[in-house]
Amino acid sequence: MVETLEPAVEPRKGVKARKRRAFVMEVAIVAVIALLLLIVIPPLLSALGQGVRVNQLGRYLALAIAALGIDLIWGYTGLLSLGHGIFFALGGYALGMYLQLQLPAGQIPDFFSLYGVSELPAFWQPFYSFPFTLLAIWLIPTLVAAALGYLVFRNRIRGVYFSILTQAALIVFFNFFNGQQKLINGTNGLKTDTSTIFGMQASDPRIQTIFYVLSVLLLVAGYALCRWLTSGRMGRMLVAIRDDEPRVRFSGYNPTGFKVFVFAISAALAGIAGALYTVQSGIITPSSALSTAFSIEMVIWVAVGGRATLVGAIFGTLLVNFAKTLLSEQFPEIWLFFQGALFLAVVTILPNGIIGWLRTDGWFWLKSVLGRDRLSTYPSLETDPEVEYERENSGD
Amino acid sequence: MNEKILEIENLTVSFSGFKAINNLNFSMDAGELRVVIGPNGAGKTTFMDVITGKTKPQEGNVRFKGRNILPYKEHEIACMGIGRKFQTPRVYLKLTPRENLELSCAAQKNVFAALFGKPSGSERRTVNGLLETIGLANKADIPAELLSHGEKQRLEIGMLVAQSPDLLLVDEPVAGLTDEETEAVGNLLLALAESHSIMVIEHDMEFVRQIARKVTVLHQGTVLCEGSMDEVQNDPRVIEVYLGSQDEADH
């Protein structure tokens, strides 16, 4: 016992080496998956006569970026936002407005003439600029989230009240975007597929390939960002805030700043996702991006994949969306039942989601099925009756 | 003799009419170990809530090292040097003891430092020293949820010390502990009292006898009496409101 005390105090050299190896391993796995997505899968799907799936995959990869943001604030920080459609739509509309403005000089987008508007509204003007648009896609959602977050978190609005508030904010945004025909074409939304970008039509396969590649790369970048945020001291703070926010205050930290920060980052991710999704779908409308159902779906993707795992957010998004597509192609009427059943199953059977389950019980279950069961916890704990008691009684 | 570390004057806290603290006066010298006792509902926990900024009083003054702390928020008061240990151990269960201590120990507690800061050499040494002191060195890197109740209590006291506060507020540190664990916590507090001012709220009279030098008895939101353990025990008012009923409860 005494011999084991000494080296355990300072993290051993072996621990550091193991951490580095795990890091290299993870980078390698992510790189391989990204290369598969970029080089192997699109031609493979096309060869199988499933070329349409490439576009779907690109869109769902874009959605996965938003899911990463949800995982950051919900899985790690415990803030259940039911209004992330706001930030998704802000990003989508920003790029949509830029594409609408790709017209000969002096013209304004067609839809304005329907409502008797002859002059471009002032807030459209900056979207002539491509650099401004690139900035607006993530910066506007970030600023909106920071402002909203500051007001909410400073007043210590938490838990279910926060969720209701985000949902209410979503409805406010929906009504605004839906009702203002003269400003942003109201309920019809903005079409992007007939616009030109880089001198080609946005629906051109070559342009769509660029957006597909961008989706993969930005998803990888988003994953790297979230991994970095959640691994160091920041990540520990987020978990501490999630598990016991009042305690964090007595440790001398003001949680407000941390929550505003992470909420703003997740909004930026949603904005980027919205822009990428919009150009690959060809249209953004209030009833798709700003519907309450869509914002709740985002949460479902993360719940299915597994909270606080990041990989689970991506996996869950792809799984649920492809299930949705394939099922609603075959049986259009049952998809909603299936989605409900999936969510119920996850909540009741796999509360940690699929990846969460694999990382904990599933791993041991697989091992025992394969007959490779062996003791793999801290040995002194395994024999400690006190710990055993705690484990059995800590389920509440 | 010493300067006062904590002075409280005419403090009144009421929750919709009910006065949890009623015109309370209290002061503590720097370096003192004070035990506050009192029957249930005497206002002990509310008293701590006020000192740590969780509850704002209707009337009165609270001065810490001569400075009025009422306008400040919890985290600001914590940074001024008042640390608090809760009744039930409140450690971050998903983090390891080492991470729990590092989080409390960090000198810079803002977003930027959490993103780019690294624990300094002295912080890391402090954490390692504390892990030894609280006897968790060999469990430093497993999630805190796997620790036993007594270990969590010790970890939380360690987190308190890691904040390097001048005044420690400790709320019922031995509730639910075995006799040996109680004694260990008592010795830990006595060791800490060498270099800190400590206020302990406690029910367990055995434990109070072990550590108490000066005892304050709260009753119905005011100070009933103050003095050494013997003086307090022989005070007829105390016997009536507290120790008497305690004896009856024991039978």
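Residues numbered from 1 in each chain as written. Chains lettered and ligands numbered in written order. Predicted model: local features only at pLDDT ≥ 70, side-chain atom pairs only at ≥ 80, totals over all residues. Heavy atoms only, no water.

For chain B, the name recorded in an unreviewed UniProt entry is Urea ABC transporter ATP-binding protein UrtD, with Oscillatoriales cyanobacterium SpSt-418 as its organism.

In the nomenclature of an unreviewed UniProt entry, chain A is known as Urea ABC transporter permease subunit UrtC of Oscillatoriales cyanobacterium SpSt-418. Recorded in UniProt for chain A, the comment headed Subcellular location (unreviewed entry) runs: "Cell membrane". (UniProt positions renumbered as here; feature names shortened; annotations may be inferred.)

Chemist: Please explain the overall build of chain A as it appears in this structure.
Modeler: Of the regular secondary structure elements, chain A holds 19 helices and four strands. Relative to its length of 396 residues, chain A is compact, with a C-alpha radius of gyration of 23 Å against a globular reference of 21 Å. Within the span of chain A, comprising 396 residues, buried residues form 46% of the whole. Across chain A, every contact between residues at least 6 apart in sequence was considered, and the portion connecting residues at least 24 apart equals 76%. For chain A, the accessible surface area stands at approximately 19500 Å², while carbon and sulfur atoms represent 67% of it. The positive charge centre, built from 29 side chains, and the negative charge centre, built from 24, are 7 Å apart in chain A. (Helix = DSSP H or I, 4+ residues; strand = E, 2+ residues; numbered from the N terminus. Rg over C-alpha atoms; globule rule 2.2 N^0.38 Å. Buried < 20%, exposed > 50% of the residue type's maximum accessible area, 1.4 Å probe, protein only. Contact = heavy atoms within 4.5 Å. Areas by Shrake-Rupley, 256 points an atom, 1.4 Å probe, with all protein chains shown as cover. Lys, Arg positive; Asp, Glu negative; His and termini not counted. Charge placed at Lys NZ, Arg CZ, Asp CG, Glu CD.)

Chemist: Would you mind showing me how to read the overall build of chain B here?
Modeler: Scanning chain B from terminus to terminus reveals 10 helices and 10 strands. Here chain B has a C-alpha radius of gyration of 19 Å; the compact-globule value for 251 residues is 18 Å, and the two agree. Counting only C-alpha atoms, chain B reaches 55 × 40 × 40 Å along its principal axes. Taken over 251 residues, chain B has a buried fraction of 57%. Put simply, chain B shows about 10600 Å² of open surface, and 47% of that area lies on carbon and sulfur atoms. Charge centroids of chain B, computed over 26 positive and 36 negative side chains, lie 8 Å from each other.

Chemist: What am I meant to see in the interface of chain A and chain B here?
Modeler: Bring the parts together and some accessible area is lost; that lost area is often taken as the interface size. In this complex, chain A contributes 38 residues to the contact, which on the side of chain B involves 47 residues. Together chain A and chain B conceal approximately 3900 Å² of surface at their shared face, both sides included; 59% is due to carbon and sulfur atoms. Per-residue buried area on chain A facing chain B is highest for Arg233(A), Arg247(A) and Phe250(A); these three make up 22% of the total on that side. Along the contact surface separating chain A from chain B lie five salt bridges. Between Glu156(B) and Arg247(A) there is a salt bridge, and its shortest N-O distance comes to 3.2 Å. Here the side of chain A that touches chain B takes eight residues from helix α10 (residues 233-243) of chain A, the largest share from any one element. (Buried area = accessible area lost by both parts, 1.4 Å probe. Salt bridge = Lys/Arg side-chain N within 4 Å of Asp/Glu carboxyl O.)

Chemist: Can you walk me through the layout of surface pockets in this structure?
Modeler: Sizing a probe to match a water molecule and rolling it over the atoms shows the empty space that remains. Residue and element names in this part refer to chain A. In this structure, the second largest pocket spans a volume of roughly 420 Å³. As for the second largest pocket, its lining consists of 17 residues, of which Val-30, Ile-33, Leu-37, Val-311 and Ile-314 are closest to the centre. The greatest single-element share of the lining of the second largest pocket, amounting to eight residues, is contributed by helix α2 (residues 13-47). Its residues placed into classes, the lining of the second largest pocket shows 16 nonpolar, no polar and one charged. (1 Å grid on protein atoms, 1.4 Å probe; cavity = no way out; pocket = protein on both sides within 12 Å on 5 of 7 lines; lining within 4 Å. Points joined across faces, edges and corners; volume = space filled by probe spheres on them. Nonpolar A, V, L, I, M, F, W, Y, C, P; charged D, E, K, R; others polar.)

Chemist: What is the right way to read the sheet that holds strand β5 (residues 67-68) of chain B from this model?
Modeler: The pairing of strands in a sheet happens through backbone hydrogen bonds and is either parallel or antiparallel. Residue and element names in this part refer to chain B. As summarised here, the arrangement of the four strands in space is β2-β1-β4-β5, forming an open sheet in which the pairing is antiparallel. Where the open sheet ends on each side, the last strands, each with one partner, are β2 (18-29) and β5. In this sheet, β2 lies alongside strand β1 (residues 4-15) in antiparallel orientation, the contact comprising eight bridges. Across the sheet, residue Ser-14 finds its bridge partner in β2, namely Lys-19. The strands touched by helix α1 (residues 44-51) are β1, β2 and β4 (59-64); relative to β1, the strand with the most contacts, the crossing angle is about 115°. (Pairing = 2+ DSSP bridges. Axes fitted to C-alpha atoms, helices over the stretch in contact; angles between N-to-C directions.)

Chemist: How should I be thinking about a positive patch on the surface in this particular structure?
Modeler: A cluster of basic residues, Lys16(A), Lys19(A), Arg20(A), Arg124(B) and Arg125(B), forms a positive patch on the protein surface. Of all the secondary structure elements, the ones that give two or more residues to the positive patch are α2 of chain A together with α5 (121-133) of chain B. It is α2(A) that contributes the most residues to the positive patch, three residues altogether. Residue placement: Lys16(A) occurs in helix α2. Among the residues examined, Lys16(A) registers a relative accessible area of 65% and is labelled exposed. (Patch = residues over 30% accessible without salt bridge, like charges linked within 9 Å, V, L, I, M, F, W, Y side chains within 5 Å.)

Chemist: Can you help me understand the side chain of Lys85(B) in this one?
Modeler: Residues and elements named next belong to chain B. As for its position among the elements, Lys-85 is in strand β6 (residues 82-85). A distance of 2.8 Å separates polar atoms of two side chains, one belonging to Lys-85 and the other to Gln-153. In this structure Lys-85 touches Gln-153, Glu-156, Ile-157, Leu-160, Leu-169, Val-170, Asp-171 and Pro-173, once residues within four positions along its chain are discounted. (Polar contact = N/O pair within 3.5 Å; in protein donor to acceptor, adjacent residues only side chain to side chain.)

Chemist: Would you take a moment to explain the nonpolar core for this structure?
Modeler: Across soluble globular proteins, you tend to see nonpolar side chains buried next to one another. Core analysis: the biggest nonpolar cluster contains 155 residues, and Phe88(A), Trp124(A), Leu101(B), Leu155(B), Leu189(B), Ile198(B) and Val200(B) have the highest contact counts within it. Of the residues forming this core, the biggest block, 16 residues, is contributed by helix α3 (residues 51-76) of chain A. Among all residues touching Trp124(A), those that are not within four sequence positions of it are Met97(A), Gln100(A), Leu101(A), Pro109(A), Phe111(A), Phe112(A), Leu183(A), Ile184(A) and Leu190(A). By size, the runner-up hydrophobic cluster in this structure holds 27 residues, among which are Ile5(B), Ile69(B), Leu70(B) and Leu169(B). (Core = buried A, V, L, I, M, F, W, Y, C linked by side-chain atoms within 4.5 Å.)

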